[in-house]
Amino acid sequence: MLPDADTYDDLVRRFRWQIPERFNIAQAACDRWAGSDPGRIAIHHRRQDGTVETVTFADLRERSNRFANALKAAGIGRGDRVALLLPQCPETAIAHLAVYKLGAIAVPLAMLFGVDALEYRLRDSGAAALVTVSGGLAKIARFADRPPTLHTVFSIDGPEGDALGFHEESTRAEADFELADTSPDDPALIIYTSGTTGAAKGALHGHRVFLGHLPGVEMPHEFFPQPGDIMWTPADWAWAGGLLNVLFPALFHGVPVVAYRFEKFDPELAFALLAEFGVRNAFIPPTALRMMRSVKNPRQRWNLSLRTVGSGGESLGAEVYEWAKDALGLTVNEFYGQTECNLVLSSCAAIGVSKPGAIGKPVPGHDVAVIDVDGNTLAPGEIGQIAVRRPDPVMFLEYWGRPDATRAKFVGDWMLTGDQGVVDEDGYVSFVGRDDDVITSSGYRIGPGEIEDCLIAHPCVALAAVVGKPDPVRTEIVKAFIVPQDGVVPDDDLVADIQAFVRERLAAHEYPREIAFIEEMPLTTTGKVVRRLLREQA
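Below or above, wherever it landed, is the structure these notes cover. No experiment lies behind these values; they were computed from the predicted model shown.

### Re the packing of aromatic side chains
Taken as a whole and assessed by the stated rule, the structure comprises 17 aromatic pairs. Judged by centre distance (6.0 Å) and plane angle (65°), the ring pair of Y100 and F248 falls under edge-to-face. Separated by 148 residues along the polypeptide, Y100 in helix α4 (residues 90-102) and F248 in helix α9 (residues 240-252) bring together distant segments of the chain. The same class applies to Y100 as to F248, namely buried. For the pair F262 and F265, a centre-to-centre distance of 5.3 Å together with 45° between the ring planes defines the contact as tilted. Take F262: its relative accessible area is 15%, and that puts it in the buried class. Accessibility expressed as a relative area gives 19% for F265, which makes it buried. Put simply, the rings of F23, Y100, F210, F248 and F252 pair up and form one aromatic cluster. Between R121 and the ring centre of F113, over which it is positioned, the NZ or CZ distance is 4.3 Å. Seen from the ring of Y428, K361 lies directly overhead, with NZ or CZ sitting 4.8 Å from the centre.

### Things to note about the state of the cysteines
Under the criterion given, the structure shown has zero disulfides. Lacking any disulfide linkage, C348 is separated from the closest cysteine sulfur, that of C341, by 20 Å. Here C454 is not cross-linked by a disulfide; its sulfur's nearest cysteine counterpart is in C460, at 14 Å. Its relative accessible area of 8% is what places C454 among the buried residues.

### A short note on the sheet that holds strand β26 (residues 475-484)
One open sheet accounts for three strands, arranged β25-β26-β27; its pairing is mixed. The open sheet terminates on both sides in strands that have one partner only, identified here as β25 (461-471) and β27 (514-517). Pairwise comparison of adjacent strand axes, ignoring direction, gives a mean angle of 25° for this sheet. The sheet contact formed by β26 and β27 spans four bridges and is parallel. Of the residues in β27, the one forming a bridge with I482 is F517.

### Regarding the pattern of salt bridges
Proximity of charged atoms lets side chains of opposite charge pair with each other. The final tally for this structure, using the stated rule, is 34 salt bridges. For R172, the salt bridge is made with E169, and the minimal N-O distance between the two is 2.4 Å. In this pair, R172 and E169 are both assigned in helix α7 (residues 166-172), three residues apart and thus about one turn of the helix distant. The salt bridge partner of D426 is K355, with a shortest N-O separation of 3.2 Å. Within this pair, whereas D426 is found in the loop between β21 (414-423) and β22 (429-434), its partner K355 is found in the loop between β15 (341-346) and β16 (361-362), the two being separated by 71 residues in sequence. In this structure, a network of salt bridges that share partners links the residues R47, E53, R63 and E91.

### Examining α4
One turn of an α-helix holds 3.6 residues; hence residues three or four places apart share an orientation. With 13 residues, α4 extends 19 Å between its outermost C-alpha atoms, agreeing within 8% with the 18 Å of an ideal straight helix rising 1.5 Å per residue. Within two residues after α4, G103 carries a phi angle of roughly 80°, on the positive side.

### Quick notes on the nonpolar core
Formed by 126 residues in total, the largest nonpolar core has its most connected members in L60, F67 and F248. Sort the elements by how many residues they give to this core and α9 lands first, with nine residues. Not counting the four nearest positions on each side in its chain, F248 is found in contact with I25, A29, H96, L97, Y100, F210 and L243. Of all hydrophobic cores here, the second largest spans 50 residues; its members include Y260, V466, I482 and V495.

### With respect to unusual backbone geometry
Along the chain, F224 connects to P225 via a cis peptide bond; the corresponding omega equals 0°. Mapped onto the elements of the fold, P225 is located in the loop between α8 (208-218) and β10 (231-232). In this model, R390 is joined to P391 through a cis peptide bond whose omega is 0°. Mapped onto the secondary structure, P391 falls in the loop between β18 (384-389) and β19 (398-399). Its identity as a non-glycine residue notwithstanding, N297 has a phi of 50°, on the positive side.

What counts, and at which threshold
- Residues numbered from 1 in each chain as written.
- Predicted model: local features only at pLDDT ≥ 70, side-chain atom pairs only at ≥ 80, totals over all residues.
- Heavy atoms only, no water.
- Phe/Tyr/Trp six-rings, centres within 6.5 Å; stacked < 30°, edge-to-face > 60°.
- Helix = DSSP H or I, 4+ residues; strand = E, 2+ residues; numbered from the N terminus.
- Buried < 20%, exposed > 50% of the residue type's maximum accessible area, 1.4 Å probe, protein only.
- Lys NZ or Arg CZ within 6 Å of the ring centre and 35° of its normal.
- Disulfide = S-S within 2.5 Å.
- Pairing = 2+ DSSP bridges.
- Axes fitted to C-alpha atoms, helices over the stretch in contact; angles between N-to-C directions.
- Salt bridge = Lys/Arg side-chain N within 4 Å of Asp/Glu carboxyl O.
- Expected span 1.5 Å × (residues − 1).
- Core = buried A, V, L, I, M, F, W, Y, C linked by side-chain atoms within 4.5 Å.
- Contact = heavy atoms within 4.5 Å.

Take a look at the structure:
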């Protein structure tokens, strides 16, 4: 969708949205390729035992047609919600495509969700069916009360109890299916997002969300696709980052995707996967990049083919930015968005849009600004809320069953992200922090990102997160939680050394007045630091 361009200004000037009157994700991401190039590879699936399954677009079409018929036979129809509790594997893509072919609504759920989180989302969405694995069935069995709408369950591991076998039911079904006639605004997907307060809300997206993501994928991956591109991410495909930043944009462009389920992220295995499949394009969240930073001399140990790395979900920071240049031989292109309106800011080193510590500039087609509480655009250097103006093809339709929350998300036509940011004189946007992450200390407003970036530059620090701790004198003080490098034994001398390290490089009001050493950083299923838990500890 992005035109070729040599400069950012030229790219913005030449860009036009291409949104047809009728559109279905499954046709665009699967059936059109199966018709024109059926043997084209769609997915390389590396199983846990090391074997590799190769799935073509023809396979995807037939298997998604069969499962769409199996869903239809189970009473699933247009507008019904189908929950998908699945890891990175071909069945996840197949199930999504089948749901879209029916005109139903997919509800992706992360494998790491606990029993309460799953029960809430299944109940809130009114899911009629669930597709999962045997481990998912074990969690469902622990529900106090099964959601009344949930009448059919499929397991990709085979029939078990009242759960039907995904493969068994698909094999019995017909291989042909008539695709639902859908518009870009017809509902297709509910992705649950946890806010700063209250229960998780389901962001409802139309089929157009798929098209809305394309410019924001093509920009950080430097005019993706290019010949030979292969894409991978460690991010769960249940998250917008894995599903809409990687899986479906790659399928749309006919680019193979590497699938592998990490039980726990392993930076050595990540490099091995990149080398094994000749991955050229990767979306790697900042926390995963920080963990990969602990691996020495990756280009000497593995034959890497990386052309682009995009990163987002939380602040990347200048330290990781510079490490990647040296260790990976490329510039990480940072981007920004959220579940409700994703990939609206981006970097693109190929056309000179890249600045350490900054997210980037607005992706063509998106109107993004930093605004005050009344919706007024702020001047460069002023901290405010990052906002996106509607209408926008990538923007959510509404919060599922939450009209009040939907209205509260907007000031006029500006959609509020809940993220604090600042624009510089060159038009680059920098992330300051979530509304509740910004620390107020002695009258200063302090974003955690810059401090965390400084902390991980210390040779004894592997991971770091910063929160505000209530203080009767300063309102809040900066408290750092640090995972030390392997072999480092924390003591008072190390605390003092780290504090001096930050004070000398940043400012006296920004150094952490308290430091706690922890064995493991609390992370969300999407790899973001769970600051709420750290604030509770503080």
